[in-house]
Every structure is written in C-alpha cells, then in structure tokens.
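Listed below, chain by chain, are the residues.
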Amino acid sequence: MEPKYDHRAIEEKIYHRWEESGAFTPQINPQKKPFTILLPLPNANDPMHMGHALFTVGDILARYHRMLGDPTLWLPGADHAGIETQYVYEKHLAKEGKSRFDFDRETLFKMVWGFVEKNRELNKNQLKRLGFSLDWTRYHYSLEPQIVENVLATFRKLYHDKLLYRGQRLVNYCPRCGTAFSELEVDYQERSDFLYYLNYGPVSVATTRPETIFADTAVAINPKDKRYLKLPGQQATIPLLNLTIPIITDPAIDIKFGSGALKVTPGHDPLDFEIGSRHHLPVISIVDRAGRLDFSDPRFNGLREKAILETLSGLKIPAAREKILELLVKSGALIKKEPLTHAVGICYRCGTVIEPLLLPQWFVKTKSLAEPAIAAIKTGKTKIVPQKRFAKMYFDWMENIKDWNISRQIVWGPRIPVWYCLDCNAEIQIGFISSRGEKVSGPYRVLKENYPFAEISRGLQTLIAPQDAVYQLEPGPCQKCHSEQTLQETDTFDTWFLSGQWPLTTLGYNVAHPEESSGDFEYFYPTSVLDTLWDILFFWVGRMMMFGLYLTGEAPFRVIHLHARVVDRTGQKMSKSRGNVIDPIIMVDKYGADALRMALTAGVTPGGDIALSEEKIIGYRNFANKIWNMGRFLSSDKIKKDLTAKSPGDAALELLVKNLVRQTTDYLRTYRFGQAAEELYRVTWHELADKYIEEYKKGLLSYSVLKNSYLTILKLLHPFIPFVTEAVWDQFSPEKLLISTSWPPIHRTDKI
RNA sequence: GGGCACUUAGCUCAGCGGUAGAGCACUGCGUUUACAUCGCAGCUGUCAGGGGUUCGAAUCCCUUAGUGCCCACCA
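Cut-offs used in this document
Residues numbered from 1 in each chain as written. Chains lettered and ligands numbered in written order. Predicted model: local features only at pLDDT ≥ 70, side-chain atom pairs only at ≥ 80, totals over all residues. Heavy atoms only, no water. Near = heavy atom within 4 Å. Polar contact = N/O pair within 3.5 Å; in protein donor to acceptor, adjacent residues only side chain to side chain. Helix = DSSP H or I, 4+ residues; strand = E, 2+ residues; numbered from the N terminus. Nonpolar A, V, L, I, M, F, W, Y, C, P; charged D, E, K, R; others polar. Axes fitted to C-alpha atoms, helices over the stretch in contact; angles between N-to-C directions. Parallel < 35°, antiparallel > 145°, perpendicular 65-115°, else oblique. Contact = heavy atoms within 4.5 Å. Salt bridge = Lys/Arg side-chain N within 4 Å of Asp/Glu carboxyl O. Buried < 20%, exposed > 50% of the residue type's maximum accessible area, 1.4 Å probe, protein only. Disulfide = S-S within 2.5 Å. Left-handed = near helix turned anticlockwise from the far one by under 90°. 1 Å grid on protein atoms, 1.4 Å probe; cavity = no way out; pocket = protein on both sides within 12 Å on 5 of 7 lines; lining within 4 Å. Points joined across faces, edges and corners; volume = space filled by probe spheres on them. Pairing = 2+ DSSP bridges.

Moving on to the protein's contact with RNA strand B. Residues in close proximity to RNA strand B total 40 residues, the closest being His342, Thr605, Asn629, Arg632 and Trp685. Counting only the atoms of RNA strand B that lie within 4 Å of the protein, the sugar and phosphate share comes to 68%. Side-chain polar atom of Arg621 to a base oxygen of RNA strand B: 3.2 Å apart, as the coordinates give it. Contacts to RNA strand B include Gln675, whose side-chain N or O atom sits 3.2 Å from a sugar or linking oxygen. Broken down by secondary-structure element, the contributors of at least two residues to the surface near RNA strand B are β13 (334–347), α11 (387–399), α20 (614–635) and α22 (673–697). No other element matches the ten residues that α22 contributes to the surface near RNA strand B. Looking at the surface near RNA strand B residue by residue, the classes come out as 16 nonpolar, nine polar and 15 charged.

Structure follows, in structure tokens:
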C-alpha cells in the first residue's frame, strides 16, 4: 500500500467493481420489504453543482439499507426541464445571432433534443464520480415515450374527472421568455419606483403604472372611507382620453394607501381583475405578448383622442411609461409623484418584469387533489423530516393552494394533447413560418386565403385558441364537422406536471390501465424516503403527493427528508454572480469524492445550511488518508502479533465499538447524518487511531480485537465515505466487497 | 402585513432541567514500529439581553433585540 491515499488511482476502478457486482440492482424478494429512494431528477442539460452533490444523503441511506439486507433501489433519472433548458438553449442560439422565432416548432424541438442528448451522458458520469450507488439499469428520462404516454393519460383522466379546465384569466407572463408561469415561478424584488397621483375628475388616483390608464374600467374606493362618501355612483374621467368610468366601492381598497382611490385595470393587474369580476367590469388588454402597448381592441375604435393612442402604439412598457408621463404633465393631469419602494414580480428564470396578461390557459383544479395530500401528512402516513420546520410550510401552501396553470408557451416539452378544428374555430390566432421563410401571423380566417393548411401546419410556431374554442382529445379529423384541418395545441406542459408523476412513471405505473402496471411498481411503490432540498417542496414534492394520491390512492413516500442547503463559509448562498461557487467535480478531482461527501455531511443540521469551504474538504481528505494509513498499518505483516492472544485492554475497545455501532445506527434511523458523521470521525481518529493503536504498539491490546474493531468501523463509515473504506477493506477481505457486507449487529444492552 | 426557525469557545455545530462539550482554528513541544494529509500537551465561553418558574435553567415560560427563511393582491 502507498503511504498516501490516492483517490485518483482508486475511485473509478472501485465504482466499476460495484457496478459489475450487481450491488446497485436490487433483487425483488416478496419476503423482504424493499427500501426505495428516487434521485431528485437533475436537469438533463445541467452540469453538476453542489446541490447535486448533496444527494450524498440519499446514497448514505441506500448503502445503509443495502447493508441491512433490504432490497434497495436508488433510482436515477434526468428531467428535460422545459423552460430551464429552452432558456439555456436560447442563449446558445443568441451567440449565433439567432432566436427561437427563426424556427418552426418542430425544428426547434429537434435542435433542443440534440443539445440535451449531448449533455445527458455528462450528467450521468458526474453522478458516478460522487460514488452514488444508483441502479443504472432503471435509469429514466422524462421524455421517453412510456413516460410521456402516461403523463398524457393523466391529462385525460383529469379531464374526465372534471379536474381540468380551460380558463381565460390573468396569468404571469414573461415577455422575454414568451410564456406564462404558475405563481411559484414568480420571484419578487424590491424596487425603488414612483407613485404617480393622477387627476381623474372628482378624485385623484395613485398608480405606479400610468401606462395602463387606457385599460381602466373603474375607480374604486373603500366603502368605509369617510372622505369619499359622496363619490359612489359618480363618474371618474380617464386623463388624456377623457373617457368616463364608474366609481365603485370595494373592501379590498386600502384607505391609507395613496389617495385611497384605485384605478381598476382588470386586464393588467391581478387584484384589479378580482375586483373587476366582483363588479362585472369589462376587461381590456392593451399590452401584447412582447410587452408592447397595443390598442387593437375594438373598444378603442371611434374615440376622439385616438391620435394619442396611435403615437403610443407599439412602444415597449418602459418607453411607453415615459411618453405617457410626458403627456400627463402636459395636460396637467399629473398632480404629483412620490418615491415608493415596492415589490415587483419578476421572472424567476431571466429576471424580466412579469406582465399580467389575459390569456386562455389550461388549469388543473387543485383543491380536491390537495385534500388527501394534507391528510397524508396529518395522519402521519407520510412524515416530513425535520417536521417542525417544514410541515407548516407544506400545510400553508396546500391549504391555500391555487389552481395550477399547466400551460407553457414554449416548445421544449410534450404538447398538451388537445386538437382544435380550424374550420370550427376560424378565429384561432396562428403564427407560422411560410415555405418562403417569412414569419406570418393572424387569425386562421384570414390566413387560409393565402396559405394552404399543409404549409401552416408544417411551419407552425404557436396558436392561441379562444377560450370557448371547440376541441377534442384525439388527433385526426374533427369529430364534429369531419374537417381534416385540425391542429394540436401548441402549449406544452409545465415541467412539473411530468416530474410530479415521477414516482409513478419511473416505476412503471400504467395510468390508463392500472392493472397492467409493472412488477416494479407493485414492489417498490410507495417509496421509502424522498431526500431533497426544501426549495422544491411546493414545485415538486407537493405535486408528487397530489398525483400519487390521486392516481393510486397512496402517498408516494413514507418519509420526506429535506436536507440542508450549501452556502459558503460566510453563510452566503452560492451563485455565479457572487463568484463563490465551489464546483463539486473539481473538488472530487482534487481531494476525492469521499472528502467532499464527508464535508457535505459532517456537522450538518437537518434543514439548516451547510457552510462549505475548500479547507473543510481538505480536512476530510486528511481523514480519508488517516483511514487508509490505519489500514496500511494493520495489514502490514511486520506488526501482526499472536492472533489468538487476549489482552486486558480489549474489553474497553470492544465496548467503544459496540456503542459506536448503536449510536451510528440510532443517528441514521433518525436522519441525523451530521452527528453520525462527526461521531464516526471523532471515534475513528481520536479514539481508535490516537489511543488504541498507540496502546497496541505498547502491547496493551490484542491484534484481533484491534483489527476487528477497525473493520467494524469501516462498515459504519462505508455509507459516508464508500471509496476509501472499500479500498482498504480489500486488503483484509478481498473475497467480498464491503458494499455487499452486512451492517454490524446492535447490542442495545451495553452502556459505557 | 402574517408565520416559522435560529442566536452556546475565533469558526462550524452538539447538548435541551442537575458541576459548560466536540471538531477545526490557535499556542507550545515532538520526527517513538501506519499517517507531517502526523503525534502529545495546552488555551478559549456573563450558553444574545432582561424578567419569571424551580432546591437547581444553556435547557421550561414571558419579553426585547438581531439573523435567516416561507407566505401575502402594498395599487
């Protein structure tokens, strides 16, 4: 053995031996209860970051249970990650001077597909570098045909169960990404802005968005506002347009804010939309999907001041705001402005200000899905660890859940399986690339005069069907008028609609014919533990709970374990912009996978933060070296003495090891990995090495007890630092891999 | 605006009713049969502040302050 542990010479070989031994693939044995974990599916295009390295916790659980003798499945996979991936790919396109608008959707989809396929292997290999004992024979990808087939079947089932609807309402739209999002994908940012007071005739209103005044349909005040008792029933006047709108009362108005009067703009503000629907106000849209002012709504026809609108038409929001303020000043309608700090919704992906837009979208009714998901946690059928911190967060979200917008206006993902007949829905808005390469858009009614259906279909980019459009759930001719001219919905699924069914789809559940589900599903579902970061508790965990219960009646996990988040040594979140990112693969190259795994495990509190630094990793690299050298010492022929001799010092060491076995096992059972790792570190180094090996050198201990203690501790350490323990184990018992040995028995009665 | 959690040695954290703990860092010393990616010895604290319960509180209760996080329609 070399005097230094060289992870480079060892890790890859050992991983191969594990894989070839079949240890990662469980034997289905109906007599035994399986242990199942799903790897939180990484994005297929994502190079590994520390978040992925934290799945060490899953590996610890998998290796521990494998050693306990449980048929253990740790199932890997990759997610197509809709918007994330398309965003990354668009940045590549931008480097070549192109954009998504230059391609029809089929071509673009194929291009992204090729891009992802190139990266998918990389991701797999990086997971292997960490030593993760994943069953690669069961690897899945979210876009493989069987998975997509099941997801579409779920869509149809939701439809038939009346849990799905097409709704026209304000959605969170990112003009940059060109798609709507659910409320979870909107971040809020504090911004310094201005609050503008505008003269609306009998009242002044305060607004941060003067550019939306043309879409106002009322002014609202609080019915309890004593200043304005005489106003209700009167008319207010929109500046510049000199249009009158009613003054209404609504309890949602904050008397103390601004002037206490709100301009109600149902087409461009969520609160206003609600107020508008309570009072049956008309909804006017004046912003298009590129974030520009657009006054094509017929309600603007015939206005005397239409010239003003014409000068503004087509301006992007920030420019439009400037221009309108100028006009307001000129007309004397701007009373005053005052600074205001407020939260602005931005796209979580690209940071663009979210524009609430009125769009027809597909929604899932979530209330009845959330109820069993709440009950599963309340009754303890599924436990959240750490409970006190995260169960409340879970309940808060589930109990106030909103209907889920699953429509995304991107190409990278399966299209929603709905078909529109163009002859029945001539007002469908279509965008496509003609055979001559021009970008063409408009209602089908107009387009069909100049373009044959085949050309539109081939070059299709997007379609927007009116809310009341006629549709069917099957491809092929229209079931109503038998027209052959049908087009599939161009909205794709929210990624989480697919990944929310991951426990079912990867284990071979058959949504359309549950009785034909695979043996894997029967055996491994529900899974034992889900280990993930709390930041996707709602996105992913909540949805899996809902889908699992909805489709199978059983919650997908017995335990949801939420692990810590990696921050730098000063407690700052790691991010590219802060420049404090530590690349796990570089760390594995430099110090070995064991060192990184241990640094991510030891001393970590459940659900807290992990303060990671290169120094910490170096510390655990030294630990791996220590274990290596202990093995080197104990396996060298020079030091081996009488193998049968007993010594008075033996009992103390035997007791120490027994207690360590009990303690480690207890910690693992209660998900206290941080303490388990620290205790193992301390006892291995400062007790076994510093104390007992030194005593052995003085002849106070027998060789067999020392060696057996060491081997037992190797077993305990193996889930945490699998490579060095396996390498050194090989010096003592080459006939059997450490990964396949059994966990040491526990002696409960022994106390120190 | 609601809610949750946290505040213990320079750092990261255990302890959760009975005389303050670990690792790292630090300071000395040291190359003795693995390991200098090492060993030995040592130093370090009004357990955030205040009040209460108790024979006894870092541990239970109240309160103040700070930090982190989640939720929410601040126009």
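Another aspect to go through is the packing of α11 against helix α17 (residues 537–552). Packing of α11 against α17 leaves a shortest axis separation of 11 Å and a crossing angle of 75 degrees. In terms of axis orientation, α11 runs roughly perpendicular to α17. For the pair formed by α11 and α17, the contact residues are Phe390, Met393, Tyr394, Trp397 and Met398 on the first element and Leu537, Phe538, Gly542, Arg543, Met545 and Met546 on the second. Grouping the amino acids of the contact of α11 with α17 by side-chain chemistry returns nine nonpolar, one polar and one charged.

Our focus in this paragraph is the pattern of salt bridges. Evaluated as defined, the whole model comprises 39 salt bridges. For Arg209, the salt bridge is made with Glu355, and the minimal N-O distance between the two is 2.9 Å. With a gap of 146 residues between them, Arg209 in the loop between β8 (204–207) and β9 (218–221) and Glu355 in strand β14 (residues 355–364) connect regions that are remote in the sequence. Overall, Glu355 belongs to the buried group, its relative accessible area being 5%.

Scanning the model with the defined rule gives zero disulfides in all. We note that Cys421 lacks a disulfide partner, and the nearest cysteine sulfur, in Cys424, lies 3.5 Å from it. With a relative accessible area of 3%, Cys421 lands in the buried category.

Further remarks concern unusual backbone geometry. Pro386 follows Val385 through a cis peptide bond whose omega is -5 degrees. Looking at where Pro386 falls in the secondary structure, it is placed in the loop between β15 (383–385) and α11. Of the consecutive residues Tyr525 and Pro526, the connecting peptide bond is found in the cis state with omega at -5 degrees. Note on placement: Pro526 falls in the loop between α16 (519–524) and β25 (527–533). The backbone of Lys162 shows a phi angle near 60 degrees, a positive value even though the residue is not glycine.

Moving on, we get to the packing of helix α21 (residues 650–669) against α22. It is at 9 Å that the axes of α21 and α22 come closest, and there the two elements cross at 165 degrees. With respect to each other, α21 and α22 are oriented roughly antiparallel. Considering how the two elements wind past one another, α21 and α22 form a crossing that is left-handed. Mapping the contact onto sequence places Ala652, Leu653, Leu656, Leu660, Gln663, Thr664, Tyr667 and Leu668 in α21 and Phe673, Gln675, Ala676, Glu679, Leu680, Val683, Glu687, Leu688 and Tyr692 in α22. Classifying every residue of the contact of α21 with α22 by side-chain character gives twelve nonpolar, three polar and two charged.

All right, on to empty space enclosed by the protein then. With the rule as written, the count across this model stands at three cavities of 30 Å³ or more. Each pocket or cavity is described by its volume, and for the largest cavity that value is around 120 Å³. Together, 15 residues line the largest cavity, and Val57, His561, His563, Val604 and Phe673 are the ones closest to its centre. Of all elements in the fold, only β26 (557–563), α19 (593–601) and α22 reach the threshold of two or more residues within the lining of the largest cavity. The residue makeup of the lining of the second largest cavity, split by class, is four nonpolar, two polar and three charged.

A few words now on the sheet that holds β8. Taken in spatial order, the three strands make up an open sheet running β8-β7-β13, and their pairing is antiparallel. Strand pairing shows two members of the sheet lacking a second neighbour, β8 and β13, which therefore form its edges. Each adjacent strand pair in this sheet contributes to an overall mean axis angle of 20 degrees, direction not counted. Alignment of strand β7 (residues 186–199) against β8, held across four bridges, turns out to be antiparallel. In the sheet register, Asn199 faces β8, and the bridge partner there is Ser204.

On the basis of which strands lie adjacent, the open sheet formed by three strands has the order β20-β19-β21 and antiparallel pairing. Each edge of the open sheet carries a strand with a single partner, namely β20 (439–443) and β21 (460–464). Within this sheet the neighbouring strands show an average axis-to-axis angle of 10 degrees, counted without direction. By the bridge criterion, four bridges tie strand β19 (residues 429–433) to β21 in an arrangement that is antiparallel. Its bridge partner being in β21, Phe432 is matched across the sheet by Leu460.

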